[in-house]
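Here is how the chains run, residue by residue.
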Amino acid sequence: SMASTGCHIACCTVYRPNFKNTFLTGLSLCSLGLHNSRIRRIAEDLEMPVLDLATLCQDPEDFANPLELSTIGGRKVVYNVVQFVRDHPPSARPRPSQKDKATPWLLDVMGFNTECC
């Protein structure tokens with residue numbers, strides 16, 4: 001699991017755009033629904049928490065334009081990330097040592113180097 005890295009890691013869902021066009025709204029809701037459900041399943045498989053931006057940012061005032069968050073939407077995201085960090089302080093997890101060969105300090109996940117500090 002990702003816990004073996006010694007890092008606190010979370011996945012984020014993708015927020016839905018604020019399109020005014022009914023066709024684009026329907027298309028984005030369908031495709032992002034599939035995408036976000038896959039993100040949730042992978043996060044569950046990897047035992048990772050999920051910051052659900054799709055649920056968090058859905059009010060019109062959350063958006064500055066159809067694709068970008070406004071200050072209000074950005075504030076919601078920052079607040080939730082800060083809460084995650086507060087709920088998972090670095091001191092709460094033991095940090096694996098490079099010298100400890102029994103605990104991998106470097107994990108390659110889906111081609112990404114997730115070496116932790």
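Here we summarise the structure given alongside this text. (Residues numbered from 1 in each chain as written. Predicted model: local features only at pLDDT ≥ 70, side-chain atom pairs only at ≥ 80, totals over all residues. Heavy atoms only, no water.)

For the rest of this paragraph, the subject is helix H3 (residues 71-87). If you check H3, its first and last C-alpha atoms are 24 Å apart, about what 17 residues at 1.5 Å a residue would give, namely 24 Å. Those residues of H3 that fall on the buried side of the exposure criterion are Gly73, Val77 and Phe84. For H3, the angular spread of the buried residues around the axis is 35°, confining them to a single face. For H3, the exposed residues set more than 90 degrees away from the buried face come down to Thr71, Arg75, Val78, Tyr79 and Arg86. (Helix = DSSP H or I, 4+ residues; strand = E, 2+ residues; numbered from the N terminus. Expected span 1.5 Å × (residues − 1). Buried < 20%, exposed > 50% of the residue type's maximum accessible area, 1.4 Å probe, protein only. Arc of directions from axis to C-beta.)

As a further point, take the pattern of salt bridges. Overall, the coordinates contain 3 salt bridges when judged by the stated rule. Aspartate 52 is the partner of arginine 40 in a salt bridge, and the nearest nitrogen-oxygen pair spans 3.1 Å. Of this pair, arginine 40 sits in helix H1 (residues 22-45) while aspartate 52 sits in the loop between strand S2 (50-51) and helix H2 (53-56); the two residues are 12 residues apart in sequence, bridging distant segments of the chain. Relative accessible area serves as the criterion here: at 33%, arginine 40 is assigned to the partly exposed category. Look at aspartate 52 and you get partly exposed, because its relative accessible area is 26%. Between aspartate 62 and lysine 76 there is a salt bridge; the shortest N-O distance is 3.0 Å. You can see aspartate 62 sitting in the loop between H2 and H3 and its partner lysine 76 sitting in helix H3, a full 14 residues away along the chain. On the basis of relative accessible area, aspartate 62 is assigned to the buried category, the value being 0%. Residue lysine 76 is classed as partly exposed on the basis of its relative accessible area, which comes to 24%. (Salt bridge = Lys/Arg side-chain N within 4 Å of Asp/Glu carboxyl O.)

Within the secondary structure layout, asparagine 36 lies in helix H1. The buried category is assigned to asparagine 36, whose relative accessible area is 2%. With sequence-adjacent residues up to four places away left out, asparagine 36 is seen in contact with Thr13, Val14 and Ala54. (Contact = heavy atoms within 4.5 Å.)

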